[in-house]
Amino acid sequence: MSSTFSPTTPPPNPPKSSTTSSVTYPFNDPYTADVLLRLFVDRSAFDSDAPTDSTRQSDIQIYLHSDVIRRAKYFAALLSDCWQHRTIADANSDNCAEGSRSNDRAVIDSASTALEILPVALELLFEECVKSCLKFLEAVPWSEEEEKRVLSLIPLLREEESKELLARVSPGKDDSCEDMLHGLILAAIHNNPNMAFVKAFVAKLMRDFSSRESARRVLERAFESSLKVVKESLEEYTSPDFRGDHNETEAIQRLNLHTAMTNGRHLLWLVERMIELRVADSAVREWSEQASFTADLQRAFRDDAWRNIVPGLPAVVLRCTCKLANAVAAGNILAATQVRMQLVKDWLPVLLVCKDNASPMLPSHKTLYLELEETFLRIISTLPMSDAQALLQQCLSFSTRNVEDCPHLITAFNTWFRRATQPGNLD
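Treat the numbers as computed from the prediction; the structure is a model and nothing was measured. (Residues numbered from 1 in each chain as written. Predicted model: local features only at pLDDT ≥ 70, side-chain atom pairs only at ≥ 80, totals over all residues. Heavy atoms only, no water.)

Examining the overall build of the protein
So, step 1. If you tally the helices and strands in the protein, you get 19 helices and three strands.
So, step 2. For the protein, with 427 residues in total, the buried portion stands at 40%.
So, step 3. In the protein, the share of contacts with a sequence separation of at least 24, taken over all contacts with a separation of at least 6, comes to 74%.
So, step 4. Carbon and sulfur atoms provide 53% of the accessible area of the protein, an area that totals close to 24600 Å². (Helix = DSSP H or I, 4+ residues; strand = E, 2+ residues; numbered from the N terminus. Buried < 20%, exposed > 50% of the residue type's maximum accessible area, 1.4 Å probe, protein only. Contact = heavy atoms within 4.5 Å. Areas by Shrake-Rupley, 256 points an atom, 1.4 Å probe, with all protein chains shown as cover.)

A few points about helix H7 (residues 144-153)
So, step 1. Every buried residue of H7 is listed here: Glu-146, Val-150 and Leu-153. Taken end-on, H7 shows its buried residues confined to a sector of 65°, consistent with a single buried face.
So, step 2. On the buried face of H7, the contacting elements are helix H5 (111-123) and helix H8 (159-169). (Arc of directions from axis to C-beta.)

Focus: the environment of Leu-255
So, step 1. Within the secondary structure layout, Leu-255 lies in helix H12 (residues 246-276).
So, step 2. Judged by its relative accessible area of 52%, Leu-255 is exposed.
So, step 3. Between the alpha carbons of Leu-255 and Ile-309 there is a distance of 9.4 Å; along the sequence they are 54 residues apart.

Description of helix H16 (residues 337-356)
So, step 1. For H16, which comprises 20 residues, the first-to-last C-alpha distance of 29 Å matches the rise-based estimate of 28 Å (1.5 Å per residue) to within 8%.
So, step 2. Helix geometry: H16 is bent most strongly at Trp-347, by close to 30°, with proline Pro-349 lying one to four residues after it.
So, step 3. Counting buried positions along H16 gives 16 out of 20 residues, so the element sits mostly inside the fold. (Expected span 1.5 Å × (residues − 1). Bend = angle between axes of the 7 residues up to and from the residue.)

Observations concerning the environment of Leu-351
So, step 1. Structurally, Leu-351 is set in helix H16.
So, step 2. In sequence terms Leu-351 and Pro-314 are 37 residues apart; their C-alpha atoms lie 8.7 Å from each other.
So, step 3. The residues contacting Leu-351, other than those within four sequence positions of it, are Leu-318, Tyr-369, Leu-372, Glu-373, Phe-376 and Phe-398.

Here is the structure:
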């Protein structure tokens with residue numbers, strides 16, 4: 001496609017605007033135009049000499065106004081001599097340009113339109129049109145496809161022109177995704193009144209998130225924070241300061257238990273997310289190194305005060321333990337021998353205390369305790385014989401009035417004795 005420009009002389013009586021403050025000329029108007037743009041198809045070596053109807057039709061004439069197109073540096077440089085002999089009065093120039101600027105904004109009525117015009121305006125060095133396109137794009141939403149087109153055009157823009165567009169699509173720092181995920185988790189577990197729905201939504205976002213390592217770091221950070229609060233609350237509860245007023249001390253104790261219960265629920269949700277995403281390795285290691293915490297739990301649960309304040313606290317803590325232990329026993333988390341042994345060693349006494357002090361035992365708690373018993377026994381079966389021997393002896397309280405009602409315990413001891421009586425030539 002080629003083009004030629006030539007000046008034209010408008011008719012002696014061009015249409016006048018109904019207002020005297022500004023003059024605007026319609027596009028492709030032969031009555032007011034002072035420049036003729038002619039577009040035609042370049043002939044190739046394979047074309048016949050005789051012109052065809054299609055080539056005649058491809059010769060297109062467009063009537064333009066110099067006061068408008070001269071704002072593009074491309075036209076100003078290409079045809080600068082043409083505008084030294086303009087026939088339209090100079091007095092109308094400024095008004096015409098101002099009206100044209102208004103028309104620019106009227107034409108750009110969608111992001112798609114702005115994206116169609118912008119590359120042409122850039123090619124023609126039409127700065128006012130470029131600014132209008134960018135101003136529109138900065139202010140409106142984009143579809144995913146439109147955003148891709150914006151990204152492809154950003155390299156063609158100057159730094160100051162692309163600043164606002166880049167701010168929308170480029171993160172300010174490398175860990176912005178992790179900061180966002182962490183903020184969503186905190187909002188879901190702490191600040192939102194519609195907690196269940198929000199937790200479900202955030203869980204879906206994390207399942208769909210592309211970087212598992214980022215999700216791991218965010219969840220580990222939240223897990224450590226919630227665990228720290230639970231541990232500190234239980235430590236303060238089991239080691240109270242009695243120097244103050246009795247009523248004040250009692251109120252602080254109640255607050256400590258409620259804090260532990262609330263953050264224990266958060267902890268359980270975080271454990272579930274970590275197991276779901278298969279990023280709970282660090283959580284298992286951390287949970288297996290809680291000798292001081294489990295000692296505080298045992299002291300707290302031997303006392304009856306928690307029953308009327310946070311009756312669900314033992315179940316919440318043991319559900320966290322059960323989730324992590326199940327993931328280890330199922331092989332979803334490949335924990336080292338020391339981690340597996342310490343997990344059972346630290347948390348088995350907590351289970352026993354909860355069972356001994358659960359009167360009456362709720363059906364849901366009974367199911368939880370039985371599941372955790374079976375899981376601990378499965379983990380014990382993976383340990384060296386000496387470690388298994390010591391831990392199995394602590395599991396005798398798993399037995400019931402009817403021996404036949406505890407098949408998991410019978411199986412565990414039978415397995416140990418079978419191994420213990422193996423011939424001594426296995427080495």
